[in-house]
Amino acid sequence: MGSSESLRARGTALAEKGCFERAIELFESHTELDKDDHVAFELLAQCLMEVDRDDDAYVAASRAVELDPGWSDGYLTLARAARNSGYLHASIAAFLSCIDKGGDASVGDELQEVESLCMARISSRVGLSRLKIKQKFGDGSGPGCVVWTCGLFLAWYLANRVEEKNLKGTRILELGSGTGIGAIAAACCGAHVSATDLADALPLLSKNIDLNSETITDGGGSCHSSKLDWSAPHSKIEHFSGFDLVMGADLVYSETQIEDLCTILGELFSGGEPGMQFLLVHKTRDPSIDRKLLNECRKAGVDFTVVEIDTAEFGCEQELQNIHLYRALCNVSSCNGPSSNAT
């Protein structure tokens, strides 16, 4: 078969002639002998894409950037392989890494193309053709900068399966809005929404509201962003009152977040009007966290019940595994504060 260097050289020559299948064989043999050659893995990924083996190309390109995290060309190939495989979030992140590490700025056009594809996919899943949600990837972006399944499902539910399928005129407060997908979907359907999050999340949230301003206006709704820190003293909670619906998606990742969330929910419900609802889309990561969340909410006067989800209607049963939709109703007793016999 030849030495490792010979295999790579022959593979490169064959790839330049368009003999990709044979080049793949040689690059694969080479990488078996030299598992640390980042260039060979990148060349292999390019050849795999040429023969429509995009998932394999994604694996090879991932290995290339793992071996050399500072190589812009490796990230460019990874971005293209991810795009071709439909991994749009990963593709955007790789394109941004490519640019950040000194790659040709012309890849910005490809990045915009993938961002547009990502927006189109989100709007299609939600069922609102004009919905535009921009996400943020890479350094300095937190979990609130990405559309996760819980947020996607909340937006879909609001646009398609809320009781009577009519949100017009509904006054909504969203907690932990992140990208704003839930709030904006509701506003596009005619609701008047206050979307809240921490200060560092507001620039992206406000940008997405602006991107959808025309659609929101056409739908008869409104949406604005505000800072709301659950861990801060809630002396200004009176500014967040008069709502028909309070909602949130994927608000709790760990036990440390439960106390603050339950405190603010209790305050909102104690000051709410009978009939006010809370919708929570929650992903189970640890059953003990779920039990504590529901128990502490009950102590705060917020008694959740499970809403059955028709996974077939959403379109992907596997995507909704471990995701639950909870609803609580503010009745006379809960609106007067927590129950005295809560346990």
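Residues numbered from 1 in each chain as written. Predicted model: local features only at pLDDT ≥ 70, side-chain atom pairs only at ≥ 80, totals over all residues. Heavy atoms only, no water.

Chemist: What's the story with unusual backbone geometry in this structure? I'm lost.
Modeler: For residues that are not glycine, phi is negative in most cases, and the peptide bond is trans in most cases. Backbone geometry at D250 places phi at a positive 55°, although glycine is not the residue there. For D250, the location among the structural elements is in the loop between β4 (245-249) and α12 (258-270). Not every positive phi belongs to a glycine, and N322 is a case in point at roughly 70°. Mapped onto the elements of the fold, N322 is located in the loop between α14 (311-314) and β7 (323-329). (Helix = DSSP H or I, 4+ residues; strand = E, 2+ residues; numbered from the N terminus.)

Chemist: For this particular structure, what's the right way to read the pairing of strand β1 (residues 171-175)?
Modeler: Residues in a regular strand project their side chains so that they alternate between the two faces of the sheet. Counted residue by residue, β1 has four buried out of five residues, so it is predominantly covered. The pairing of β1 with strand β2 (residues 192-197) spans four bridges and is classified as parallel. Paired with R171 across the strands is H192, a residue of β2. Between β1 and its parallel partner β2, the chain crosses via helix α9 (residues 181-188), and the hand of that crossover is right-handed. Relative to β4, β1 runs parallel, the two sharing four bridges. By the bridge assignment for β4, E174 is matched with M247. (Buried < 20%, exposed > 50% of the residue type's maximum accessible area, 1.4 Å probe, protein only. Pairing = 2+ DSSP bridges. Right-handed = clockwise from strand over helix to strand, strands pointing away.)

Chemist: Help me out: how do you make sense of the sheet that holds strand β6 (residues 305-307) in this one?
Modeler: What holds strands together in a sheet is hydrogen bonding between their backbones, with the strands either parallel or antiparallel. Strand order across the open sheet formed by seven strands is β3-β2-β1-β4-β5-β7-β6, with mixed pairing between neighbours. What marks the edges here is a single partner per strand, and that holds for β3 (222-227) and β6. Shown here is a sheet whose adjacent strand axes are inclined to one another by a mean of 25°, direction ignored. For β2 and β3, the ladder comprises six bridges, and the chain directions are parallel. For S194, the partnering residue across the bridge sits in β3 and is H224. Across the sheet, helix α8 (residues 149-160) touches β1, β4, β5 (277-283), β6 and β7, and the angle it forms with β4 is around 145°. Strand contacts of α9: β1, β2, β3 and β4, with the helix running at about 170° to β2, the strand carrying the most contacts. (Axes fitted to C-alpha atoms, helices over the stretch in contact; angles between N-to-C directions. Contact = heavy atoms within 4.5 Å.)

Chemist: Help me understand empty space enclosed by the protein, please; the structure alone is not making it clear to me.
Modeler: Gaps left between atoms are located by rolling a probe of water-molecule size over the structure's atoms. One pass over the structure, following the stated rule, counts one cavity of 30 Å³ or more. By volume, the largest cavity amounts to about 50 Å³. Lining the largest cavity, in full, are I92, E115, C118, M119, I133, K134, Q135 and F137. (1 Å grid on protein atoms, 1.4 Å probe; cavity = no way out; pocket = protein on both sides within 12 Å on 5 of 7 lines; lining within 4 Å. Points joined across faces, edges and corners; volume = space filled by probe spheres on them.)

Chemist: Just checking my understanding: could you explain the environment of G220 for this structure?
Modeler: Along the chain, the position of G220 falls in the loop between α11 (213-218) and β3. For G220, a relative accessible area of 44% puts it in the partly exposed group. For the pair formed by G220 and A187, sequence separation is 33 residues and the distance between their alpha carbons is 7.8 Å. Not counting chain neighbours up to four residues away, the residues in contact with G220 comprise G190 and H192.

Chemist: When you look at the packing of aromatic side chains in this model, what are you seeing that I'm missing?
Modeler: What characterises a pair of aromatic rings is the spacing of the ring centres plus the angle enclosed by the ring planes. Under the criterion given, the structure shown has five aromatic pairs. Relative to Y326, the ring of F304 has its centre 6.0 Å away and its plane inclined at 55°; by these criteria the two rings are tilted. With F304 in the loop between α13 (287-299) and β6 and Y326 in strand β7, this residue pair connects regions lying 22 residues apart in the sequence. By relative accessible area, F304 is classed as buried at 11%. Taken together, F153, W156 and Y157 form an aromatic cluster joined through their ring pairs. (Phe/Tyr/Trp six-rings, centres within 6.5 Å; stacked < 30°, edge-to-face > 60°.)

Chemist: Any chance you could explain the side chain of T77 here in plain terms?
Modeler: By the secondary structure assignment, T77 is in helix α5 (residues 72-85). Side chain to side chain, T77 and E42 meet in a polar contact 2.5 Å long. When residues no more than four places from it in sequence are discounted, the contact partners of T77 are E42, A45, Q46, M49 and A61. (Polar contact = N/O pair within 3.5 Å; in protein donor to acceptor, adjacent residues only side chain to side chain.)

Chemist: Teacher, can you tell me more about the nonpolar core here?
Modeler: Membership of the largest hydrophobic core comes to 42 residues, with the highest contact counts inside it found for V126 and I181. For this core, the elements supplying multiple residues, two or more each, are α7 (107-126), α8, α9, β2, α10 (202-211), β4, β5 and β7. Of the residues forming this core, the biggest block, eight residues, is contributed by α8. Leave out the neighbours within four places in its chain, and I181 touches I122, V126, L131, I133, V147, G151, L152 and A155. Counting 29 residues, the second-largest nonpolar core is a separate cluster that includes I24, A57, I92 and C118. (Core = buried A, V, L, I, M, F, W, Y, C linked by side-chain atoms within 4.5 Å.)

Chemist: Whenever I open this one, α12 confuses me. Can you help?
Modeler: One full turn of an α-helix is made of 3.6 residues, so residues set three or four places apart face in the same direction. Its 13 residues give α12 an end-to-end C-alpha distance of 18 Å, which sits within 8% of 18 Å, the value for a rise of 1.5 Å per residue. Of all the residues in α12, the buried ones are I258, L261, C262, I264, L265, G266, L268 and F269. (Expected span 1.5 Å × (residues − 1).)

Chemist: How do you make sense of the packing of α12 against α13 when you look at a structure like this?
Modeler: Two packed helices can be described by the angle between their axes and the distance between those axes. Orientation of α12 relative to α13, taken along the N-to-C sense of each, is 30°, at an axis distance of 9 Å. Between α12 and α13, the angle is such that the two are roughly parallel. The interaxial crossing formed by α12 with α13 has right-handed handedness. Contact residues: α12 offers I258, L261, C262 and L265, while α13 offers I289, K292, L293, E296 and C297. Looking at the contact of α12 with α13 residue by residue, the classes come out as seven nonpolar, no polar and two charged. (Parallel < 35°, antiparallel > 145°, perpendicular 65-115°, else oblique. Left-handed = near helix turned anticlockwise from the far one by under 90°. Nonpolar A, V, L, I, M, F, W, Y, C, P; charged D, E, K, R; others polar.)

Keep in mind that these numbers describe shape and distance, not what the molecule does.
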